[in-house]
Amino acid sequence: MALWGGRFTQAADIRFKDFNDSLCFDYRLAEQDIVGSIAWSKALLSVNVLTEEEQQKLELALNELKLAVMEDPEQILRSDAEDIHSWVEQQLINRVGDLGKKLHTGRSRNDQVATDLKLWCRQQGQQLLIALDRLQKKMVATAAEHQGTVLPGYTHLQRAQPVTFAHWCLAYVEMLERDYDRLEDALNRLDTCPLGSGALAGTAYPVNREKLAHHLGFRRATRNSLDSVSDRDHVMELMSVASISMLHLSRLAEDMIFYNSGESNFIELADTVTSGSSLMPQKKNPDALELIRGKTGRVYGALSAMMMTVKALPLAYNKDMQEDKEGLFDALDTWNDCMEMAALCFEGIKVNGERTLEAAKQGYANSTELADYLVAKGIPFREAHHIVGVAVVAAIEQGCALEELSLEQLKAFSEVIDDDVYEILTIESCLSKRSALGGVSPAQVAHAVEQAENRLGQRNVNAVKVRPARLTDIEALEGMVAYWANLGENLPRSRSELIRDIGSFAVAEHHGQVTGCASLYVYDSGLAEIRSLGIEAGWQGQGQGKAIVSYLVDKARQMAIKKVFVLTRTPEFFMKLDFLPTSKMLLPEKVLKDCDQCPRQHACDEVALETNLAEEIIFKTDVA
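- As annotated in an unreviewed UniProt entry, the protein carries the name Argininosuccinate lyase and comes from Vibrio aerogenes CECT 7868.
- Per its UniProt entry, the protein bears the Catalytic activity (unreviewed entry) comment "2-(N(omega)-L-arginino)succinate = fumarate + L-arginine".
- Looking at the Pathway (unreviewed entry) heading of the UniProt record, one finds this comment for the protein: "Amino-acid biosynthesis; L-arginine biosynthesis; L-arginine from L-ornithine and carbamoyl phosphate: step 3/3."

Listed below in structure tokens is the structure:
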């Protein structure tokens, strides 16, 4: 059912419907559309369009729909709905009846899709930051391993001066760091909420848009309704960041393809990222790197297409803007895949140090050192440059390296040359003299590796802030605990219980919005239990749960608690955080009494896990 059919007396031509519908690609915004709808239901409650009972009923139904979508997103594609907004609304009506029709009050698909897309960009942006961080760390680790591996440096694809493989890796680490900064900057700029802007002129209901923005985790609300619904700068900016980063990945790929060639033989890629020839059995082709290089063009193309689409569009919303999603989705997916593949190319890479050293010694890479030597003897650089050029020509004619010329031969070019010249013509001397910041000397490269490790180690990729809960968090805690209790995942806790136990709770927050919670309940026996772990709808999969559990385990450690346990239906999550399975029979009797409140007490499917902090202390003592 279309959301706009009342004005029309004829059905749309099926060919127009196929041309017009966007569900086949905007289904990826399902979770964001549901999260935005939950926030809008709260806004409608605040202006008395919905009663508290109606809002709770809508929120529960929307959260159930979100879980269903997370389990099977492809179910959406089996619908003939026009777009993701139509699909969500129809599903909601199926669940709660006519109440579902009230949710669109004061809202337009224009501000709805603008909000959905920003929510998606923010979430995808965090995943891209993680991918950039992972690739950087892989390259820094490779650099640390190959600090002593000499590599010829090139200009114009001609051997120029010796560098190291570590120095080469760190050059790309710097490029990726700029990409990381650009992406963070872009995500900060898009962190504004369009919801409540209506079709173009704003909503007719006195909604507190700043509060609405904070409910969705945005820094603030947008300031102009016309701009809010027509702005796609964030789409182009993310594509621009992706394009620049893909340029860097393409250069990396080209270098590695060259290094991997039979002519260079500097590196050998692992079998896992190469392929063979259907005709020539000896071939081992660097297909992963060639595809990274090739896919760069499609990301550039997506950016160009989007800029041409938006160029000269009048305010406010136009259907042309529907073209924003396919290119954006493809560009960011491609960028993410290429970063993952680039990191994989460093797995199992073999660097042929003997060959790289041999190549670095060829091509008269120490010519600059000889010129600097002459300068140190009082000869002006331009004159020294000419003298060395003549010496290189002579060495080429004799088919030998500069350092292989005799002292008598060298003196023929300049009388100031003495036998101390040979020590400065070595590879070791060429490298060690480049000791200024950013240079290729062993000391500088070691410093650069250490600094890069420190920078990346201090980076909070998930940007999750966890703190002790405050009484001002009660409403958020009550909502999350009630939601997960209604789904049977946690035990119910009354408001008075939450207020009483506020000191045991920790919360995760983003720009002041509480996005997750859990409590650490301490028993008389000195054991502690992690309870009431819940993440706000729309924030799953972004590191909130991991950060909260880690925070509470650290808190237990500071309190000298020996064991922390949990009862859960998702043991895999806790096992990744060093929890191990245990028997429920070993848990305190008080825990089992709490089970009387559980709706699943007669068909319990929870697993008990624990982490032994006492053993951790013993282990550290033994090591010390």
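**Topic: a nonpolar patch on the surface**
Part 1 of the reasoning: Taken together, the side chains of Leu200, Leu226 and Leu315 present a nonpolar region at the surface, about 270 Å² in accessible area.
Part 2 of the reasoning: Inspection of the secondary structure puts Leu200 in the loop between β3 (192–193) and α8 (209–215).
Part 3 of the reasoning: Here Leu200 falls in the partly exposed class, since its relative accessible area comes to 42%.

**Points about helix α22 (residues 544–558)**
Part 1 of the reasoning: Between its first and last C-alpha atoms α22 spans 21 Å; for 15 residues at 1.5 Å apiece the expected length is 21 Å, and the two agree.
Part 2 of the reasoning: Where α22 is concerned, the buried positions are Gln544, Gly545, Ala547, Ile548, Val549, Leu552, Val553 and Ala556.
Part 3 of the reasoning: Ala560 lies just past α22 and shows a positive phi near 60 degrees.

**What to know about the packing of helix α3 (residues 30–46) against helix α6 (residues 109–145)**
Part 1 of the reasoning: Two numbers describe how α3 lies on α6: the axes approach to 9 Å, and their chain directions differ by 120 degrees. When the axes of α3 and α6 are compared, the crossing they make is right-handed. Contact residues: Gln32, Asp33, Gly36 and Ser37 in α3; Gln112, Asp116, Leu119, Trp120 and Gln123 in α6.
Part 2 of the reasoning: Of the residues contributing to the contact of α3 with α6, the split by class is two nonpolar, five polar and two charged.

**Side note on the sheet that holds strand β13 (residues 607–612)**
Part 1 of the reasoning: Here seven strands make up an open sheet; going across it, the order is β7-β8-β9-β10-β11-β13-β12 and the pairing mixed. Strand pairing shows two members of the sheet lacking a second neighbour, β7 (465–468) and β12 (580–581), which therefore form its edges.
Part 2 of the reasoning: Alignment of strand β9 (residues 513–522) against strand β10 (residues 527–535), held across six bridges, turns out to be antiparallel. Residue Ser519 lies in a different strand from β10, and its bridge partner there is Arg531.

**Here's the deal with unusual backbone geometry**
Part 1 of the reasoning: Following Leu315, the chain continues to Ala316 via a peptide bond in cis, the omega torsion being 5 degrees.
Part 2 of the reasoning: Residue Ala312 is not a glycine yet carries a positive backbone phi of 70 degrees.
Part 3 of the reasoning: Even without being glycine, Ser532 reaches a positive phi, approximately 55 degrees.
Part 4 of the reasoning: Here Ser532 falls in the buried class, since its relative accessible area comes to 7%.

**Remarks on the domain arrangement of the protein**
Part 1 of the reasoning: With domains assigned, the protein is organised as domain 1 (14–105), domain 2 (125–192 + 224–357), domain 3 (364–425) and domain 4 (465–612).
Part 2 of the reasoning: For domain 2 versus domain 3, the separation of C-alpha centres amounts to 41 Å.

**As for the packing of aromatic side chains**
Part 1 of the reasoning: Considering all chains together, one arrives at 11 aromatic pairs under this definition.
Part 2 of the reasoning: A ring pair is formed by Tyr154 and Phe258, whose centres lie 5.6 Å apart and whose planes are at 80 degrees; its orientation type is edge-to-face. You can see Tyr154 sitting in strand β1 (residues 150–155) and its partner Phe258 sitting in helix α10 (residues 233–260), a full 104 residues away along the chain.
Part 3 of the reasoning: Residue Tyr154 is classed as partly exposed on the basis of its relative accessible area of 24%.
Part 4 of the reasoning: Between Tyr523 and Phe565, the aromatic rings sit 5.9 Å apart at their centres with planes inclined by 25 degrees, giving stacked as the arrangement. Of this pair, Tyr523 sits in the loop between β9 and β10 while Phe565 sits in strand β11 (residues 563–568); the two residues are 42 residues apart in sequence, bridging distant segments of the chain.
Part 5 of the reasoning: Each member of the aromatic cluster is reached from another via a ring pair, and the members are Tyr154, Phe165, Trp168, Tyr172, Phe258, Tyr259 and Phe266.
Part 6 of the reasoning: Stacked on the ring of Tyr521, the Lys or Arg Arg531 has its end atom at 4.0 Å from the ring centre.

What counts and what doesn't
- Numbering of residues starts from 1 in each chain and follows the order in which that chain's sequence is written.
- Restriction of local features to residues with pLDDT of at least 70 applies here, the model being predicted, together with a cutoff of 80 or more for giving and counting side-chain atom pairs; totals for whole chains, interfaces and linings are based on all residues.
- Based on all heavy atoms of the structure, the side-chain values leave hydrogens and waters out of the count.
- UniProt positions are given in the numbering used here, feature names are shortened, and annotations may be inferred rather than shown by experiment.
- In this scheme, patches are assembled from residues that exceed 30% relative accessible area and form no salt bridge. Like charges are connected within 9 Å, while nonpolar side chains (Val, Leu, Ile, Met, Phe, Trp, Tyr) are connected within 5 Å.
- The Shrake-Rupley method, run with a 1.4 Å probe sphere, supplies the accessible areas, and residue values consider only the shown protein chains as cover.
- Salt bridges, as used here, are contacts in which a Lys or Arg side-chain nitrogen is within 4 Å of a carboxyl oxygen on Asp or Glu.
- In DSSP terms, a helix is any run of H or I states spanning at least four residues, a strand is any run of E spanning at least two, and both are numbered starting from the N terminus.
- For every residue, the accessible area obtained with a 1.4 Å probe (protein chains only) is divided by the maximum for its type, and the residue is called buried under 20%, exposed over 50%, and partly exposed between those limits.
- By this rule, a helix spans an expected 1.5 Å times one less than how many residues it contains.
- Helix axes are fitted only over the stretch in contact, all axes being lines through C-alpha atoms; the angle between N-to-C directions runs from 0 to 180 degrees.
- If you view the pair so one helix is near and one far, a crossing is left-handed when the near helix is turned anticlockwise from the far one by less than a right angle, and right-handed when it is turned clockwise.
- Any two residues whose heavy atoms approach within 4.5 Å are treated as being in contact.
- Polar here means any residue outside two lists: the nonpolar Ala, Val, Leu, Ile, Met, Phe, Trp, Tyr, Cys and Pro, and the charged Asp, Glu, Lys and Arg; Gly therefore counts as polar.
- Strands pair, by our definition, only if DSSP identifies at least two bridges between them.
- The domain boundaries here were taken from an automatic or database domain assignment.
- What counts as a ring pair is set by centres within 6.5 Å for rings of Phe, Tyr and Trp (its six-membered ring), and what kind of pair is set by the plane angle: stacked under 30 degrees, edge-to-face over 60, tilted for all other angles.
- Throughout this description, the term charge over a ring refers to an Arg CZ or Lys NZ atom that lies within 6 Å of the ring centre and within 35 degrees of the ring normal.

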